[in-house]
Amino acid sequence: MFKRVMVAVVGLPLLILILGWAPSWATMLLLAAMCAIGAWELMHAAAGERGRPLIPLTVIAAALVPVCVYAEVSIENTELTALPVLPLTALLGAVLVLALFVVSICRYGGERAVPFAALTTAIFAGLVFPLMLSCMLRLRMVPYIGMLLVFFPLCISFGSDTFAFFAGLLFGKHKLTPVSPKKTVEGAIGGLIGGLIGMMIMPFVGGMVISDAFMSPTMAVAFGSLGSVVSQIGDLSFSVIKREFGVKDYGNLLPGHGGILDRFDSVTFVAPFVWLLLELI
């Protein structure tokens, strides 16, 4: 518990500084590092020994996804509207899939043949996961209010995780799912409350930062409640992978928390949810 708290005490101010104050390219660099580490963790957990040759390609592609997203959004936000929006992310994805299958073809039929399960793991780790997490960058690069929007997924996820942990610890009696034996129905309810509280902070913060009605309480409740459900699904989704392959933690980069995937599993799901919901409204 002490290590968990200390990592939060040191890491949260640094995260706030990079996401909310530094230029958007700093967020891009942070996410590129997180995506690369997360891809490495996922490949080591799920790809198996014969999937090891795919790790370099997967890690490089994962690190490049936020870079491509940054370049595409930067072009969209410039005044040079005559320029086409370059499909850099789609091109990167196509190259990654092609390269992975080339490796698989070259190794087919021998003792070092790459299983299809490892191939699909590499596609998820090198493309799908970083695309989901890169929605944080899309939020950060929204003109004028991006430095506030980028904290939506964090407030929802961290609020939900924290309240779920303590609610389960204090009141947990009814098991939620075999996927994670320690999670309880009471913890899930606490997580829902935590997500709501996390988002209810944002209207006040927004009012202080931009001196305007940043968002209505009704919108905050909608984001908080729906986002908390998505957050808990994200947490359980990555737990399914760990249970399937007998992994306790994805890594040990963050003492008391595990690896990048252990700490940002729910954020990975909430970030695209927030971005898509904002696009809709």
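Structural notes, computed from the coordinates.

The rules behind these values
Residues numbered from 1 in each chain as written. Predicted model: local features only at pLDDT ≥ 70, side-chain atom pairs only at ≥ 80, totals over all residues. Heavy atoms only, no water. Axes fitted to C-alpha atoms, helices over the stretch in contact; angles between N-to-C directions. Helix = DSSP H or I, 4+ residues; strand = E, 2+ residues; numbered from the N terminus. Parallel < 35°, antiparallel > 145°, perpendicular 65-115°, else oblique. Left-handed = near helix turned anticlockwise from the far one by under 90°. Contact = heavy atoms within 4.5 Å. Nonpolar A, V, L, I, M, F, W, Y, C, P; charged D, E, K, R; others polar. Core = buried A, V, L, I, M, F, W, Y, C linked by side-chain atoms within 4.5 Å. Buried < 20%, exposed > 50% of the residue type's maximum accessible area, 1.4 Å probe, protein only. Patch = residues over 30% accessible without salt bridge, like charges linked within 9 Å, V, L, I, M, F, W, Y side chains within 5 Å. Areas by Shrake-Rupley, 256 points an atom, 1.4 Å probe, with all protein chains shown as cover. Salt bridge = Lys/Arg side-chain N within 4 Å of Asp/Glu carboxyl O. Expected span 1.5 Å × (residues − 1). Arc of directions from axis to C-beta.

As for the packing of helix 2 (residues 24-46) against helix 5 (residues 116-133)
At a minimum axis separation of 9 Å, helix 2 and helix 5 run at an interaxial angle of 155°. By the angle between their axes, helix 2 is roughly antiparallel relative to helix 5. With respect to the hand of their crossing, helix 2 and helix 5 are arranged in right-handed fashion. Contacts between helix 2 and helix 5 pair Leu31, Met34, Cys35, Gly38, Ala39, Leu42, Met43 and Ala46 from the former with Ala118, Thr121, Ala122, Phe124, Ala125, Phe129, Pro130 and Leu133 from the latter. A class-by-class count of the residues in the contact of helix 2 with helix 5 yields 14 nonpolar, two polar and no charged.

Examining the nonpolar core
Membership of the largest hydrophobic core comes to 63 residues, with the highest contact counts inside it found for Leu54, Leu133, Met136, Phe152, Leu154, Phe223 and Val274. Beyond its immediate chain neighbours, meaning those up to four positions away, Phe223 contacts Phe152, Ile156, Met199, Met215, Ser228, Phe273, Val274, Leu277, Leu278 and Ile281.

Structural notes on a nonpolar patch on the surface
There is a patch of nonpolar side chains on the surface, built from Phe163, Leu176, Val185, Ile189, Ile193, Ile197 and Ile201 and spanning about 550 Å² of accessible area. The leading source of residues in the nonpolar patch is helix 9 (residues 185-210), at five residues. Position of Ile201 relative to the elements: it lies in helix 9. Note on Ile201: relative accessible area 44%, which makes it partly exposed.

Quick notes on the environment of Leu42
Assignment of secondary structure puts Leu42 in helix 2. For the pair formed by Leu42 and Ile55, sequence separation is 13 residues and the distance between their alpha carbons is 9.6 Å. Beyond its immediate sequence surroundings of up to four residues, Leu42 is in contact with Ala47, Thr121, Phe124, Ala125, Ile241, Tyr250 and Leu261.

Describing unusual backbone geometry
Positive phi outside glycine occurs at Tyr144, with the angle close to 75°. Along the polypeptide, Tyr144 turns up in the loop between helix 6 (135-140) and helix 7 (146-149). With relative accessibility at 75%, the residue Tyr144 sits in the exposed group.

Considerations on the environment of Ile281
Looking at where Ile281 falls in the secondary structure, it is placed in the segment after helix 11 (260-280). What makes Ile281 exposed here is its relative accessible area of 60%. Ignoring sequence-local partners within four residues, the contact set of Ile281 consists of Met219 and Phe223.

Brief notes about the side chain of Ser104
Structurally, Ser104 is set in helix 4 (residues 88-107). Not counting the four nearest positions on each side in its chain, Ser104 is found in contact with Val114 and Leu119.

Observations concerning the pattern of salt bridges
Counted under the stated rule, the structure contains four salt bridges. In this structure, Asp235 and Lys183 form a salt bridge, with 3.0 Å as the shortest nitrogen-oxygen distance. On the criterion of sequence distance, the pair formed by Asp235 in helix 10 (residues 217-245) and Lys183 in the loop between helix 8 (152-171) and helix 9 is long-range, its members being 52 residues apart. Looking at Lys183, the relative accessible area reads 26%, which means it is partly exposed. Across the pair Lys242 and Asp262 runs a salt bridge whose closest N-O atoms are separated by 3.0 Å. On the criterion of sequence distance, the pair formed by Lys242 in helix 10 and Asp262 in helix 11 is long-range, its members being 20 residues apart. Assigned by exposure class, Lys242 and Asp262 land together as buried.

Section: helix 4
The terminal C-alpha atoms of helix 4, which comprises 20 residues, lie 29 Å apart, in line with the 28 Å expected from a rise of 1.5 Å per residue. Among all positions of helix 4, only Thr89, Leu92, Gly93, Leu96, Leu100 and Ser104 are buried. For helix 4, the angular spread of the buried residues around the axis is 105°, confining them to a single face. Away from the buried face of helix 4 by more than 90 degrees, exposed residues Ala90, Leu91, Leu98, Ile105 and Cys106 are located. Positioned one or two residues after helix 4, Gly109 has a phi angle of 90°, which is positive.

Comments concerning the packing of helix 8 against helix 11
Here helix 8 crosses helix 11 at 135°, and the two axes come no closer than 8 Å. By the angle class used here, helix 8 and helix 11 are oblique. In terms of crossing hand, the pair formed by helix 8 and helix 11 is right-handed. Residue-level contacts link Phe152, Pro153, Leu154, Ile156, Ser157, Phe158 and Asp161 of helix 8 to Arg263, Phe264, Ser266, Val267, Val270, Ala271 and Val274 of helix 11. When its residues are assigned to classes, the contact of helix 8 with helix 11 shows ten nonpolar, two polar and two charged.

Describing the environment of Ala188
Residue placement: Ala188 occurs in helix 9. Relative accessible area serves as the criterion here: at 18%, Ala188 is assigned to the buried category. Expressed as a C-alpha distance, the spacing of Ala188 and Gly168, which sit 20 residues apart in the sequence, is 7.7 Å. Excluding its chain neighbours within four sequence positions, the residues that come into contact with Ala188 are Leu176 and Gln232.

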